[in-house]
Amino acid sequence: MTCTYPQCETATTPGIHLCAPHQGAFVALLDRAGEQVATARETVAKQGSNTAGGGGGGSVSSAPVNLTAMVLVDEYVRLIEADPRHLGPEPTVERVRVLARSSSAGPTLAHLERAEARMMAVCERPADWLILGDCAGTTEDGAPCPGQYRYQTGDTVARCRKCPYEVSVDEYRRWQLRGVPFAPARLTDVVRGLGALGVAVRMNTVKSWAHRGRLVPAGFHGAVPLYRAGDVLDLLESKPVAA
Ligand SMILES: [Zn+2]
Ligand SMILES: [Zn+2]
């Protein structure tokens, strides 16, 4: 038998469809999956924070929040979670040994590697400290505090370094979304991207808005209409949650 990983011709023992090096690659991929996803999510969130902070105070503009990037993260998580053998209770090495008995082991690994690469390609390494946005506090002479809220991975509260102000990371993020320059994206990407940011939107609801012309495309990619997340947020705000 030979390894089923694309282009790998390495001989394997009967019943085993993944060579030792590719089993090792599979173990490494599964072992780092959690960390990679966390890194990707932080980077995407940070991109949004950099542009959104300050409530319209002419801050330096960086890339708009990339909903497509968020969808890539979402897709990777989905792929990893699709097979219970990927994240079982046994040690990773044991799980991969079981996976290697399947004839789809090689293609599955290649597929996961591509999805991981796509996800990480849109992410820079995050700094140790993540900046949430400008501080809302005031200095002793009543001027706006020049500080910014910052936090580290896993923190629920972000603190200003220049004054005692602190905010809930989650609440601040939701507030920030109102002013974030989201790049126009496919409707499914908008819905799933907002979902990944903690905003629950029903695909059917948004589709019906688009159908009835309440939600208008911001542009087209070929024949595919692209929509603004901000428009969806506005409609969500203007209308009580309906079924
Ligand atoms: Zn191989
Ligand atoms: Zn401050």
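Residues numbered from 1 in each chain as written. Chains lettered and ligands numbered in written order. Predicted model: local features only at pLDDT ≥ 70, side-chain atom pairs only at ≥ 80, totals over all residues.

Trainee: Explain the overall build of the protein to me, please; I cannot follow it from the model alone.
Mentor: If you tally the helices and strands in the protein, you get eight helices and six strands. For the protein, the residues scored as buried account for 30% of the 243 residues in total. Residue pairs at least 24 apart in sequence account for 56% of intrachain contacts in the protein once pairs closer than 6 positions are excluded. (Helix = DSSP H or I, 4+ residues; strand = E, 2+ residues; numbered from the N terminus. Buried ≥ 20, exposed ≤ 12 C-beta atoms within 10 Å, placed from the backbone. Contact = placed C-beta atoms within 7 Å.)

Trainee: So what exactly am I meant to see when it comes to the packing of helix H2 (residues 67-82) against helix H4 (residues 105-121) here?
Mentor: A pair of packed helices is captured by two measures, namely the crossing angle of their axes and the spacing between those axes. Axis separation between H2 and H4 bottoms out at 9 Å; the angle between their running directions is 155°. Accordingly, the angle class assigned to the pair H2 and H4 is roughly antiparallel. When the axes of H2 and H4 are compared, the crossing they make is left-handed. The segment H2 lies against H4, with Leu-72, Val-73, Glu-75, Tyr-76 and Leu-79 engaging His-111, Leu-112, Ala-115, Glu-116, Arg-118 and Met-119. The residue makeup of the contact of H2 with H4, split by class, is seven nonpolar, one polar and three charged. (Axes fitted to C-alpha atoms, helices over the stretch in contact; angles between N-to-C directions. Parallel < 35°, antiparallel > 145°, perpendicular 65-115°, else oblique. Left-handed = near helix turned anticlockwise from the far one by under 90°. Nonpolar A, V, L, I, M, F, W, Y, C, P; charged D, E, K, R; others polar.)

Trainee: Would you take a moment to explain the pairing of strand S3 (residues 157-160) for this structure?
Mentor: Strand residues, when the strand is regular, have side chains that alternate between the two faces of the sheet. Where burial is concerned, the two faces of S3 differ: the one with Ala-158 and Cys-160 is buried and the one with Val-157 and Arg-159 is not. Two elements, S3 and strand S4 (residues 166-168), share three bridges in a ladder whose sense is antiparallel. Residue Arg-159 lies in a different strand from S4, and its bridge partner there is Glu-166. Hairpin connection between S3 and S4: a loop of five residues separates the two successive antiparallel strands. (Pairing = 2+ DSSP bridges.)

Trainee: Even after reading the chapter, I still don't get the environment of Thr-10, so can you show me in this structure?
Mentor: Relative to the elements of secondary structure, Thr-10 occurs in the segment before helix H1 (20-52). Distance from Thr-10 to Pro-21, taken between C-alpha atoms, is 9.4 Å for residues 11 residues apart in sequence.

Trainee: What is the right way to read the nonpolar core from this model?
Mentor: If you look at the biggest cluster of nonpolar residues, it comprises 23 residues, and the most contacted ones within it are Leu-67, Val-73, Val-190 and Val-232. Mapped onto this core, the elements with two or more residues apiece are H1, H2, helix H6 (187-196), helix H7 (203-211) and helix H8 (229-238). The element contributing the most residues to this core is H2, with seven residues. There are two domains that each give this core at least three residues, and those are domain 1 (20-121) and domain 3 (187-238). (Core = buried A, V, L, I, M, F, W, Y, C linked by C-beta atoms within 7 Å. Domains from an automatic or database assignment.)

Trainee: Looking at this structure, I do not really get the pairing of strand S2 (residues 148-151). What am I missing?
Mentor: Here strand S1 (residues 130-134) pairs with S2 via four bridges, running antiparallel. Within S2, the residue paired with Gly-133 across the bridge is Tyr-149. Relative to S3, S2 runs antiparallel, the two being bridged by two bridges. Residue pairing for S3: Tyr-149 is matched across the bridge by Cys-160. Counting the residues in the hairpin turn of S2 and S3 gives five residues, including Gly-154, whose phi is positive at 95°.

Trainee: Mind showing me how you'd approach the sheet that holds S4 here?
Mentor: Sheet strands associate in pairs through backbone hydrogen bonding, adopting either a parallel or an antiparallel arrangement. Ordered in space as S1-S2-S3-S4, the four strands form an open sheet in which the pairing is antiparallel. Of all strands in the sheet, those with a lone pairing partner are S1 and S4, marking the two edges. Ignoring strand direction, the axes of neighbouring strands in this sheet form an average angle of 30°.

Trainee: Explanation requested: the confidence of the model for the protein in the structure shown.
Mentor: As a note on interpretation, predicted positions should not be read in detail where pLDDT is low. Here the protein shows a mean pLDDT of 81. Residues at 70 or above account for 81%. Within the protein, the lowest mean pLDDT, 69, falls on helix H5 (residues 169-177), and the highest, 95, falls on H7. Scored below 50 in pLDDT, residues 51-61 shows 19 contacts in the model against residues more than four places distant or in partner chains. (pLDDT = per-residue confidence, 0-100.)

Trainee: Explain the environment of Asn-66 here, please?
Mentor: Position of Asn-66 relative to the elements: it lies in the loop between H1 and H2. Asn-66 sits 116 residues away from Phe-182 along the chain, and the two C-alpha atoms are 6.6 Å apart.

Trainee: Please clarify how the environment of Val-44 should be interpreted in this entry.
Mentor: Relative to the helices and strands, Val-44 resides in helix H1. Looking at Val-44, the number of C-beta atoms within 10 Å reads 24, which means it is buried. Separated by 29 residues in the primary sequence, Val-44 and Val-73 have C-alpha atoms spaced 9.4 Å apart.

Trainee: Looking at this structure, I do not really get helix H3 (residues 92-99). What am I missing?
Mentor: Side chains of residues three or four places apart in an α-helix project in the same direction, reflecting 3.6 residues per turn. Of the residues making up H3, those classed as buried are Arg-95, Val-96 and Leu-99. End-on, the buried residues of H3 take up no more than an arc of 95°, which puts them together on one face. (Arc of directions from axis to C-beta.)

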